[in-house]
Amino acid sequence: MPVIQFQYSIWLLPLYLLIALAFTYLLYAKSGPWNQQTNRLLFALRFALWSVLSILLLNPMINQYLEQLESPRVVLAVDNSASIRNTMDSTQITLLHDQMSKLSEKLEGRGYEVIKMGLGRGFESWDDMTFVEPTTDLSEMMSSITASFENTNLASVFLMSDGKFNRGVSPLYQPYQFHLNTIGVGDTTQQLDLELDNILFNKIAYQGNRYPVVVEVKNYGFKGRKTKLSIRREGKVLETKEVNFDSEQGVTRVVFEVKATHDGLQSLDVVLAPLDEEVIQQNNSQRIYVDVIDGKQNILIAAPAPHPDLKALKAVIENNQNFEVTVYITGVGDYPEEKYDLAIVHNVYDGANRTRSILAKLEKQKVPLFYIVGSQTNFRTLSRENKVLQVVQKRNQRDRVIASLNPEMDLFILDSELNERWQEFVPLSVPYGDINIPANAKVLLNQKIGSVTVNKPLLFTVAADDVKQAYLLADGIWQWRMQEYGLYEDTQSFDEFFLKLVQYLSTKNDKRKFKFYPTDTEYNTNEPVHFQAELYNDVYERIYGQEIKISVGEVGKETKEYSFVPASQYAKLELANLEPANYRYEASTLVDGKSEKVSGSFVVKEQQLEQLDQVADFGLLQQLAIQNQGQFYTLADWDEMLGDVESYDFKPRVHFQEEIFPLVNLIWVLFVLLVLVSSEWLLRKYSGGY
């Protein structure tokens, strides 16, 4: 029931009423041109008016709780992926539409609110349920339902699926806070089938080399039979091998050796000849793409003596197939005379000057250098011969520091939680004293002593005479990599940081005024293709607002034209619904009145995940229902399921909402005031007053 509250103290009301009574008495103490009875009535009307106004001055508010009923909600979630359509004909699909419609009507007839959902989207009607989604992520669908209906009266969920998923994790890993029924569709019988189960290959190959392509062929029911497997490039058969099946069910591995003949993005078709009894043949071919490049980047790691850091850095760099690493210890064998894209010199300017001659060669060749200033470095020699870094060490003392990532570092983006992990690592020994670096140097890591980050660099980069250089003021970083593996069972942050640093240092400065490129080289058919653009003026400042004309098309076919005007560094051109193919693109624009052009390629791959495994998994659906207090049904159990729906007794949820509003906002209060004022005025006029 409503309660009246006052914003100001109720104890002011007697005072206000007393004042109202006094003013009313002064007004009507003497009789006017009307009789005594009329005077009393006028007195009462005026006192009532001022009494109401006195009450309103205290700002009375009505506080009440409104009761709202929220109907129970039932979600009908449908796995509308292509794997279900592959096992059902159009008549069965139409029947499925009708059955889901009947279930929906039955639930609505019970007073429940029904929501239709599919993989990644909802349905306006069951006719929209076309079963064309290229992938299945049941866990994501269930999580989406949980998030969308959190804190609502979600009574039950019906999941119709074949129990197969090819994206995300198993939905069994996550318990759900709602009543979950599952409806199994599809065929649990394994059909006679051959399929390309997996293809293993390197996405990058080097021109002139031979690279392996390993094909795993899965066999269901063809024991003692054989077929042919071929690998093709642009329709031309490169190699064919015979595949024999020795068991009723199993996997046969076939290895091809393909020669990388010319550079660029190459498409290869792996084709398995079908056998007559095969029920499904869509999974007998796959297309793969290999990027053939004309050579690797050479990285030199040189040191005056063996050190664990060398092995750690070599392991990190070799994670990238574009790099080839050479390790050279001075005095052990001849110096490998090669053209290097980057040289890492460990314990540079050592006391015996064992790396001095190597350093002189590399500096003369303008090779980018990564100097590691370690415990063997002679700082007098460093200060005398190096123009970039000057270290004035005080009494040969050293500090123990850990690394702190500079928040203003923008040379590359790190995905890992480097700062959090590296705080747990063992401190490294650095020279104690004054450290002077150029004004244009970019500090990547600062020194941190205890919990305090000091204004001294641990690692910085600089461009000296247009040659990139990096300086690390400590050795012993191998301990960080070992320690990260011991704590986290991976070396993600260490490897990512130093690999990206090596990539930055070894990459030649690209001074082109116009850059246009896709954000990735491979896309799936359900993914949009994104392009980014960079435009620079004569002083290499980023500029915006220039129109870019782009043509995109399949190799050897007609192209489509697009126009793009980037307004910021985050602007992207998006192309959607591209057919699977190898595409070429060309982009042109005007920069400072001059025409600039770039070109490149990318791939859109057709996903065949729904064709690879088409045997329904009712076991998963049964377990999912048991874990979440539901029932498992098949299409044969439809009438039983509708009968169970009749027995549901989900209750509406009652919500009480507190509502507070001022009494003065009510229209009837104004009406009362108008009645009192008008009545007094009319009575005075009628009685001959004014």
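Each value, and the rule that gives it
- Residues numbered from 1 in each chain as written.
- Predicted model: local features only at pLDDT ≥ 70, side-chain atom pairs only at ≥ 80, totals over all residues.
- Heavy atoms only, no water.
- Patch = residues over 30% accessible without salt bridge, like charges linked within 9 Å, V, L, I, M, F, W, Y side chains within 5 Å.
- Areas by Shrake-Rupley, 256 points an atom, 1.4 Å probe, with all protein chains shown as cover.
- Salt bridge = Lys/Arg side-chain N within 4 Å of Asp/Glu carboxyl O.
- Lys, Arg positive; Asp, Glu negative; His and termini not counted.
- Charge placed at Lys NZ, Arg CZ, Asp CG, Glu CD.
- Helix = DSSP H or I, 4+ residues; strand = E, 2+ residues; numbered from the N terminus.
- Buried < 20%, exposed > 50% of the residue type's maximum accessible area, 1.4 Å probe, protein only.
- Arc of directions from axis to C-beta.
- Contact = heavy atoms within 4.5 Å.
- Pairing = 2+ DSSP bridges.
- Axes fitted to C-alpha atoms, helices over the stretch in contact; angles between N-to-C directions.

A. Inspection of a negative patch on the surface at higher detail. Taken together, the side chains of Asp 98, Glu 124, Asp 127 and Asp 128 make up a negatively charged region of the molecular surface. Checked against the element boundaries, Asp 128 lands in the loop between strand 4 (113–117) and helix 5 (138–148). For Asp 128, a relative accessible area of 31% gives the class partly exposed.

B. Region of interest: helix 6 (residues 308–317). If you check which residues of helix 6 are buried, you get Asp 309, Leu 310, Ala 312, Leu 313, Val 316 and Ile 317. Along the axis of helix 6, the buried positions cluster into a sector of 165°, meaning they face one direction only. Packed against the buried residues of helix 6 are strand 15 (297–303), strand 16 (323–329), strand 17 (342–346), strand 18 (369–372), helix 10 (478–488) and helix 11 (492–506).

C. Molecular detail of the sheet that holds strand 25 (residues 522–524). The strand order 25-31-30-27-28 describes an open sheet built from five strands, whose pairing is mixed. The open sheet terminates on both sides in strands that have one partner only, identified here as strand 25 and strand 28 (559–564). Taking the axes of each pair of neighbouring strands and ignoring which way they run, one obtains an average angle of 30° across the sheet. Bridge analysis of strand 27 (residues 548–554) against strand 28 gives six bridges, and the strand direction is antiparallel. Note that in strand 28 the partner of Lys 549 across the bridge is Ser 563.

D. Geometry of unusual backbone geometry. Here Asn 347, not a glycine, exhibits a phi torsion of approximately 50°, which is positive. Mapped onto the fold, Asn 347 is located in the loop between strand 17 and helix 7 (356–364). The exposure class assigned to Asn 347 is buried, which follows from its relative accessible area of 1%. In this structure, Asp 592 takes a positive phi of about 55° despite not being glycine. Given a relative accessible area of 45%, Asp 592 falls into the partly exposed group.

E. Looking closely at the sheet that holds strand 12 (residues 249–259). If you trace the three strands from one edge of the open sheet to the other, you get 7-9-12, paired in antiparallel fashion. Among the strands making up the open sheet, the edge pair consists of strand 7 (193–201) and strand 12. Taking the axes of each pair of neighbouring strands and ignoring which way they run, one obtains an average angle of 20° across the sheet. As defined by bridge partners, strand 7 adjoins strand 9 (residues 210–220) across eight bridges and the pair is classed as antiparallel. When the sheet's bridge partners are listed, Leu 200 is paired in strand 9 with Val 214.

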